[in-house]
There are 2 protein chains.
Amino acid sequence: MYKVIEGGVCAARGYKAYGLNCGLNADKNKNDLGLYVSDVPANTAGVYTTNKVKGAPILVTKAHLEETGGKARAVIMNSKNANTCNADGIIKAERMCELAADALGLRPEEVLVASTGVIGQILPIEPIESHIKDLAAGLDYDGNARAAEAIMTTDTVKKEYAVEFTLGGKVCRLGGMAKGSGMIHPNMATTLNFITTDAAVSAEMLQAALSEIVKVTYNCLSVDGDTSTNDTILLHANGLAGNAEITDRGEDYGVFKQALYIVMSELTKMLAKDGEGATKLLECTVSSAPDTDTAITVAKSVIRSPLLKCAMFGEDANWGRVLCAIGYADAEFDINKVDVDFRSAAGNVAVCRGGAGVPFSEAQAKTVLGEDTIYIDVELGSGSATAKAWGCDLTYEYVKINGDYRS
Amino acid sequence: MYKVIEGGVCAARGYKAYGLNCGLNADKNKNDLGLYVSDVPANTAGVYTTNKVKGAPILVTKAHLEETGGKARAVIMNSKNANTCNADGIIKAERMCELAADALGLRPEEVLVASTGVIGQILPIEPIESHIKDLAAGLDYDGNARAAEAIMTTDTVKKEYAVEFTLGGKVCRLGGMAKGSGMIHPNMATTLNFITTDAAVSAEMLQAALSEIVKVTYNCLSVDGDTSTNDTILLHANGLAGNAEITDRGEDYGVFKQALYIVMSELTKMLAKDGEGATKLLECTVSSAPDTDTAITVAKSVIRSPLLKCAMFGEDANWGRVLCAIGYADAEFDINKVDVDFRSAAGNVAVCRGGAGVPFSEAQAKTVLGEDTIYIDVELGSGSATAKAWGCDLTYEYVKINGDYRS
């Protein structure tokens, strides 16, 4: 029902993108400025950081969506500088929108903006001014990869995913790109997610779907437990697929939301796997929970534990750390009913039953934990709700990257 | 008014202690079994982990205090094994109390118990049975250091502190010992704190003082953000100083509470400084907060940030990470009034004013951050409350210790 396709933010009809190096990044081989544009105004939903310190680009993006009643045409973005905690942040973020609007023949409020990189350093606007024409000129229906590269910071790979599905007989597409790595990494500079679709979805239903899916994907991701100042997720729907607009929580909404879940959960896993210094992707599934919120809380607590993250790096079946993290999660359930298994492509090892350890083969555990993707399965034995959370191991490399990133 | 003295848990009158190696630790040079005893029954207050997974020793200790109405004579403790998540945990913990009681001529319920080490492994009781007589025979009014050594796990130094003060003309003493290192370290195995005094304090006032001081000392300590299953703090008052018993929140209570604060805050700093792999002690002071809870929440958020901890290891004045951690703290204040300074024995460097970065000398910052103890001073500019939190940097060594502790 859902077919994986290529194309990232350009997978859906009517979206062009491009990226280039404008000089914010001294390495001329690395893109640092990106842009994507919808051929027609797109309903746009957003989710932003809950940090009190909010990047200027977020404030400008929210103001613009307010002005247009939630419709956008383009998004301009840069890496290397988060444009946050600067006295002139708003002016520079507005200027980026104006530059893109001028080059594209749009009104500035139809353009949104996102920045990622070091915070507290003045954003030099000249490199953007001098490259805006080239950026607009380069826009292409296949330009998604260049834009995805422009938002990379300590990311080691670009992150894109897209699917095709049908709504009322009409073929629809939904795809996106993300950057993360440190998950809010070094100078706290941001995770960005941009998703586009050609499905027709009302502004209200678009925001509802995004908020629901963010809760069980992106918000269940933890690389280091910090929360960035610039985190931004934008979801655009331009309606070019020609389906009957989704305006309520009917069947079509369910189909659309599942497409969004697939794309966002895959991007989330890519973010976790490419966490700074990570050698392993960790996925914790909490089942038989009294309710979804409890399942989420427990799964996130496990994924966030520095001790467990170190143990996974060391490929040590240290299940006591899983139980400890379950135990200090802020949720209500009976710890004496908890079962824990470690699982991977190499097999499964049961380590805890009813809250107490059970004998297991250390050799088998070592084999299971030797894989790149490790599943931590937790049964609470107290209901029927399930949730997942994703993270990565904690390694020497993480410390190295974050001990001297800024300088 | 408060004089620092030697003696740890034996600093106060009427307390004997001892420690030895019984074989739980294969290294015969390392003590793994400890005991201390009060000559007379002592009012005893306790604070324990909030983790749902609670070590069996905690359950037994609480039950015994319940039985005696909060009076204890002795505490037996071991390292290397936390006696947690084992089916026979309670039986073994009770047995430890019985063994000590037999050797000392006490009732089992007059003995409390604490364990620290790996969880989920059955505690071998034979080594304790076969060494209990030697342990009791070794008890001495100067045996505090041997007991302090018996609770060390990955701790690199033993931790003791004591002060002398007067209450109504009577000389009183209060001292204690602690272990921590990973702060709830590796297999989540516990931080233990034991404090004794010869001051006469009612059970109610003793618990009140302990609960208040724990909140601003031990609970403001974070090495890795995990919360152990075995955390235990016991405070005993045997009244041998001969002062008029403290039964209300009068002047004497204030004097006593300050003594407790001094000892517990010094032990807290020792725990932070000896955090696993730590090279630096971090102390965050949050001032001009709307209330104490806000100050505590913000200070702990800063101290807990893995990104800041890495930056401190790298001696990088990455103030944006401080502001980020302040921003995601769950508290209400105006982020645009926040000032941040880094400070050490080498000087002071202002890095943020009114929520935005200010120019500073990188060379000077490097000098300031080159010291072993780093103070992070945060002014919220929104009131008059103050609080401190303590932690340490995040280093390669932390990852190494925790990647292969269990095996």
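The rules we used
Residues numbered from 1 in each chain as written. Chains lettered and ligands numbered in written order. Predicted model: local features only at pLDDT ≥ 70, side-chain atom pairs only at ≥ 80, totals over all residues. Heavy atoms only, no water. Helix = DSSP H or I, 4+ residues; strand = E, 2+ residues; numbered from the N terminus. Rg over C-alpha atoms; globule rule 2.2 N^0.38 Å. Buried < 20%, exposed > 50% of the residue type's maximum accessible area, 1.4 Å probe, protein only. Contact = heavy atoms within 4.5 Å. Areas by Shrake-Rupley, 256 points an atom, 1.4 Å probe, with all protein chains shown as cover. Lys, Arg positive; Asp, Glu negative; His and termini not counted. Charge placed at Lys NZ, Arg CZ, Asp CG, Glu CD. Salt bridge = Lys/Arg side-chain N within 4 Å of Asp/Glu carboxyl O. Pairing = 2+ DSSP bridges. Axes fitted to C-alpha atoms, helices over the stretch in contact; angles between N-to-C directions. Parallel < 35°, antiparallel > 145°, perpendicular 65-115°, else oblique. Left-handed = near helix turned anticlockwise from the far one by under 90°. Nonpolar A, V, L, I, M, F, W, Y, C, P; charged D, E, K, R; others polar. Phe/Tyr/Trp six-rings, centres within 6.5 Å; stacked < 30°, edge-to-face > 60°. Arc of directions from axis to C-beta. Expected span 1.5 Å × (residues − 1).

Thoughts on the overall build of chain A
A tally of regular secondary structure across chain A gives eleven helices and 16 strands. Computed over C-alpha atoms, the radius of gyration of chain A comes to 22 Å, within 12% of the 22 Å expected from 2.2 N^0.38 for 407 residues, which places it in the range of a compact globule. Dimensions along the principal axes, computed over C-alpha positions, put chain A at roughly 70 × 55 × 35 Å. Counting all 407 residues of chain A, 63% fall into the buried class. Across chain A, contacts joining residues at least 24 apart in sequence account for 80% of those joining residues at least 6 apart. Here chain A has roughly 13,600 Å² of accessible surface; of this, 48% comes from carbon and sulfur atoms. Between the averaged position of the 38 positive side-chain charges in chain A and that of its 52 negative side-chain charges there is a distance of 2 Å.

As for the environment of A:Asp102
Turning to its location among the elements, A:Asp102 is positioned in helix H2 (residues 89-104). Residue class for A:Asp102 comes out exposed when judged on its relative accessible area of 62%.

Some details on the pattern of salt bridges
Residue and element names in this part refer to chain A. Counted under the stated rule, the structure contains 34 salt bridges over all chains. Arg353 is the salt-bridge partner of Asp341, the closest N and O atoms lying 2.9 Å from each other. Here the residue Asp341 occupies a position in strand S12 (residues 339-344), and Arg353 occupies one in strand S13 (residues 347-353), the gap between them amounting to twelve residues. Given a relative accessible area of 12%, Asp341 falls into the buried group. Overall, Arg353 belongs to the partly exposed group, its relative accessible area being 34%. Via salt bridges that share partners, Arg95, Glu98 and Glu129 belong to a single interconnected network.

Overview of the sheet that holds S12(A)
Residue and element names in this part refer to chain A. With respect to topology, seven strands assemble into an open sheet ordered S9-S16-S11-S15-S12-S13-S14, the strand pairing being mixed. Two strands lie at the open edges of the sheet, namely strand S9 (221-222) and strand S14 (356-357), each paired on one side alone. Alignment of strand S11 (residues 281-289) against strand S15 (residues 373-379), held across seven bridges, turns out to be parallel. Paired with Glu283 across the strands is Tyr375, a residue of S15. The sheet contacts of helix H7 (residues 292-304) involve S9, S11, S15 and strand S16 (385-392), and relative to S16 the element is tilted by about 20°. Strands S9, S11, S12, S15 and S16 of the sheet are contacted by helix H8 (residues 306-313), whose axis makes an angle of about 135° with S15.

A word on the pairing of strand S8 (residues 192-197) of chain A
Residue and element names in this part refer to chain A. By the criterion of burial, S8 is predominantly enclosed, with six of the six residues buried. Neither face of S8 is exposed, since Leu192, Phe194 and Thr196 on one face and Asn193, Ile195 and Thr197 on the opposite face are all buried. The pairing of strand S7 (residues 170-179) with S8 spans six bridges and is antiparallel. Bridging across to S8, Lys179 finds its partner in Leu192. For S8 and strand S10 (residues 232-237), the ladder comprises six bridges, and the chain directions are parallel. When the bridges of S10 are listed, Thr197 appears paired with Ala237.

So, the sheet that holds strand S9 (residues 221-222) of chain B
Residues and elements named next belong to chain B. The strand order S9-S16-S11-S15-S12-S13-S14 describes an open sheet built from seven strands, whose pairing is mixed. On the outer flanks of this sheet lie S9 and strand S14 (356-357), each paired with one strand and no other. Sheet analysis places strand S11 (residues 281-289) next to strand S16 (residues 385-392), joined by seven bridges and oriented antiparallel. Bridging from a neighbouring strand, Leu281 pairs with Cys392 of S16. Against the sheet, helix H8 (residues 306-313) contacts S9, S11, strand S12 (339-344), strand S15 (373-379) and S16, and its axis sits at roughly 135° relative to S15. The strands touched by helix H9 (residues 319-328) are S12, strand S13 (347-353), S14 and S15; relative to S12, the strand with the most contacts, the crossing angle is about 125°.

Quick notes on the packing of helix H7 (residues 292-304) of chain B against H9(B)
Residues and elements named next belong to chain B. It is the contact of H7 with H9, at a shortest axis distance of 8 Å, that shows an interaxial angle of 135°. Classified by the angle their axes make, H7 and H9 are oblique. Judged by the sense of rotation from one axis to the other, the crossing of H7 with H9 is right-handed. In this structure, H7 contributes Val298, Ser301 and Val302 to the contact, and H9 contributes Val322, Ala325, Ile326 and Tyr328. Taken together, the residues of the contact of H7 with H9 sort by class into six nonpolar, one polar and no charged.

Remarks on the packing of aromatic side chains
Residues and elements named next belong to chain A. Across all of its chains, the model carries six aromatic pairs over all chains by this definition. Ring geometry for Tyr36 versus Phe194: centroids 5.7 Å apart, planes at 70°, classification edge-to-face. Here Tyr36, found in strand S3 (residues 33-48), pairs with Phe194, found in strand S8; they are 158 residues apart in sequence, far enough to count as distant. We classify Phe194 as buried; its relative accessible area is 0%. The interplanar angle of 85° and the centroid separation of 5.3 Å between the aromatic rings of Phe313 and Tyr396 together place this pair among those described as edge-to-face. Within this pair, whereas Phe313 is found in helix H8, its partner Tyr396 is found in helix H11 (residues 396-403), the two being separated by 83 residues in sequence. Taking the relative accessible area as the measure of exposure, Phe313 reaches 24% and is therefore partly exposed.

Focus on unusual backbone geometry
Residues and elements named next belong to chain B. Residues other than glycine seldom take positive phi values, yet Asn83 does so here, at roughly 45°. For Asn83, the location among the structural elements is in the loop between strand S4 (71-78) and helix H2 (89-104). A positive phi angle, close to 55°, is found at Glu315, a residue other than glycine. Relative to the elements of secondary structure, Glu315 occurs in the loop between H8 and H9.

A few points about H11(A)
Where H11(A) is concerned, the buried positions are A:Tyr398, A:Val399, A:Asn402 and A:Gly403. Here the buried residues of H11(A) occupy an arc of 120° about the axis, which is enough to place them on one side. Buried residues in H11(A) make contact with H8, H9 and helix H11 (396-403) of chain B.

A few points about H2(B)
Residues and elements named next belong to chain B. Its 16 residues place the ends of H2 23 Å apart at the C-alpha level, agreeing with the 22 Å of an ideal helix rising 1.5 Å per residue. Along H2, the residues that are buried comprise Gly89, Lys92, Ala93, Met96, Cys97, Leu99, Ala100 and Ala101. Of the surrounding elements, those touching the buried residues of H2 are strand S3 (33-48), helix H1 (56-68), S4, strand S5 (111-115) and helix H3 (126-137).

Considering the environment of B:Val358
All names here are of chain B. By secondary structure assignment, the location of Val358 is in the loop between S14 and helix H10 (362-369). Val358 gets classed as partly exposed once you look at its relative accessible area, which sits at 25%. As for Val358 and Phe256, which are separated by 102 residues in sequence, their C-alpha atoms are 43 Å apart. Excluding its chain neighbours within four sequence positions, the residues that come into contact with Val358 are Ala350, Val351, Cys352 and Arg353.

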